[in-house]
Amino acid sequence: MTLHDQTRGHPLFSAPEFRRRALNQNGGPVAKASREHGDHLLNPTLVDIAVGLRLKDAAVLVPVVDDGDEAKVILTQRTSNLRKHSGQIAFPGGGIDPEDHSPEVAAVREAQEEIGLDPAYVETLSRLPDYYAATGFRITPVLSVVKRGFELKLNPTEVAAVFEVPLSFLMDEANHQRGSRTWDGTERHFYMMPYGEWHIWGITAGIIRTLYERLYR
């Protein structure tokens, strides 16, 4: 990869270039591509197992902050008292409520509830393929660009911390490590992307890997 996209002139990891790529994804139709990306490729039976569960629909916001040539991605650390995925690094998001008429609405609402991100600063762009979690969730990642000027206020019952990671770091395959552990008697493989004190892995790293494969590989 080069620093600038030669066809459009935008810096490769800027928000305008991210927007262009989000709207013109590689890898086939989003609705049919869940099995073809990220750690679903590392665990070929995972989608079938998850589909056999009673899945709850959820959405997460992938917030890419417009920060000049080097866009940043907002991530959170979940509190340790949550029932599922406690203490893990996550995108803002949660369950899709009956009154949410789309995953986009749910993702933006959850981001406002969890970290106080004002929807006026958020431009939703497109979706990634659904991520099927063995914990019982079908997660729709919603790609977005966020304007600077926002102020965050964390919901202390759900979010312990919030931080930003350069998009360039997350979209560098050299930073995509692999790990595995046994879960319910089966070895599961996953991606890890350590960044300073933060251990990004599991669902979040799987979504980031899919983002890389569809937009930047």
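Refer to the structure presented above.
Residue indices follow the written sequence of each chain, beginning from 1 at its first position. This being a predicted model, a pLDDT of at least 70 is required before a residue's local features are given, and a value of 80 or more before pairs of side-chain atoms are given or counted; all residues contribute to the totals for chains, interfaces and linings. As a convention, hydrogens and water are excluded, and side-chain values are obtained from all of the structure's heavy atoms.

### Regarding the environment of Ser-126
(1) Moving on: In this text, helices come from DSSP runs of H or I with a minimum length of four residues, and strands from runs of E with a minimum of two, each type numbered from the N-terminal end. As for its placement among the helices and strands, Ser-126 is situated in strand 5 (residues 122-127).
(2) Moving on: It is 9.0 Å that separates the C-alpha atoms of Ser-126 and Arg-19, two residues lying 107 residues apart in sequence.
(3) Moving on: Contact definition: two residues touch when any of their heavy atoms are within 4.5 Å. Apart from the residues lying within four places of it in its own chain, the contact partners of Ser-126 are Ala-22, Leu-23, Gln-25, Pro-141, Val-142 and Leu-143.
(4) Moving on: In protein, a polar contact means a hydrogen-donor-capable atom and an acceptor-capable atom, both N or O and within 3.5 Å, with residues adjacent in sequence counting only if both atoms are side-chain atoms; elsewhere, any N or O pair within 3.5 Å suffices. Only 2.7 Å separates the side chain of Ser-126 from the backbone oxygen of Ala-22, close enough to count as a polar contact.

### Concerning the packing of aromatic side chains
(1) Moving on: The pairing test for Phe, Tyr and Trp rings, Trp by its six-membered ring, is centres within 6.5 Å, and the orientation test on the planes gives stacked under 30 degrees, edge-to-face over 60, and tilted for anything in between. Inspection of every chain in the model, using the stated rule, returns four aromatic pairs.
(2) Moving on: Note that Lys-147 overlies the ring of Tyr-121, its terminal NZ or CZ placed 5.8 Å from the centroid. Each ring is checked for a lysine NZ or an arginine CZ that lies within 6 Å of its centre and within 35 degrees of its normal; such an atom marks a charge sitting over the ring.

### What about the packing of helix 1 (residues 15-22) against helix 5 (residues 202-216)?
Helix-helix packing is described using two parameters, namely the angle between the two axes and the distance between the axes.
(1) Moving on: In this analysis an axis means a line fitted to C-alpha atoms, helices contributing only their contacting stretch, and an angle means the value between N-to-C directions, from 0 to 180 degrees. Between helix 1 and helix 5, the least distance of the axes is 9 Å, while the angle of their chain directions is 85°. Relative to helix 5, the element helix 1 lies roughly perpendicular. When helix 1 is examined against helix 5, the residues Phe-18, Arg-21 and Ala-22 are found in contact with a partner set consisting of Leu-211, Leu-215 and Tyr-216.
(2) Moving on: Gly is placed with the polar residues, together with every amino acid not listed as nonpolar (Ala, Val, Leu, Ile, Met, Phe, Trp, Tyr, Cys and Pro) or charged (Asp, Glu, Lys and Arg). For the contact of helix 1 with helix 5, the per-class residue count stands at five nonpolar, no polar and one charged. Working definition: roughly parallel below 35 degrees, roughly antiparallel above 145 degrees, roughly perpendicular at 65 to 115 degrees, and oblique for all remaining angles.

### Points about the pattern of salt bridges
Between side chains of opposite charge, a pair can form as their charged atoms come close.
(1) Moving on: Only one rule defines a salt bridge in this text: a Lys or Arg side-chain nitrogen within 4 Å of an Asp or Glu carboxyl oxygen. Within this structure, the stated rule accounts for 14 salt bridges.
(2) Moving on: The salt bridge involving Arg-21 is made with Glu-17; its shortest N-O contact spans 2.7 Å. Pair noted here: Arg-21 and Glu-17 are both in helix 1, with a separation of four residues, about one helical turn. Per residue, the accessibility class of Arg-21 equals that of Glu-17, and both read buried.
(3) Moving on: For the salt bridge of Glu-110 with Arg-109, the shortest nitrogen-to-oxygen distance reads 3.3 Å.
(4) Moving on: Type-normalised accessible area, obtained with a 1.4 Å probe on protein chains alone, sets the label of each residue: buried when under 20%, exposed when over 50%, and partly exposed for intermediate values. By relative accessible area, Arg-109 is classed as buried at 17%.

### A closer look at the pairing of strand 2 (residues 72-78)
(1) Moving on: Buried residues dominate strand 2, accounting for five of its seven residues.
(2) Moving on: Here strand 1 (residues 56-65) runs beside strand 2; their pairing, made up of two bridges, is antiparallel. In the strand pairing of strand 2, Val-64 is matched with Val-73.
(3) Moving on: A pair of strands is considered paired only if DSSP assigns at least 2 bridges between the two. Between strand 1 and strand 2, which pair antiparallel and follow one another directly, the connecting turn spans six residues, one of which, Gly-68, has a positive phi of 75°.
(4) Moving on: In this structure, strand 2 lies alongside strand 8 (residues 159-166), joined through seven bridges in antiparallel fashion. Opposite Leu-75, over in strand 8, you have Phe-163 as the bridge partner.
(5) Moving on: Here strand 2 pairs with strand 3 (residues 89-90) via two bridges, running antiparallel. Bridging across to strand 3, Thr-76 finds its partner in Ala-90.

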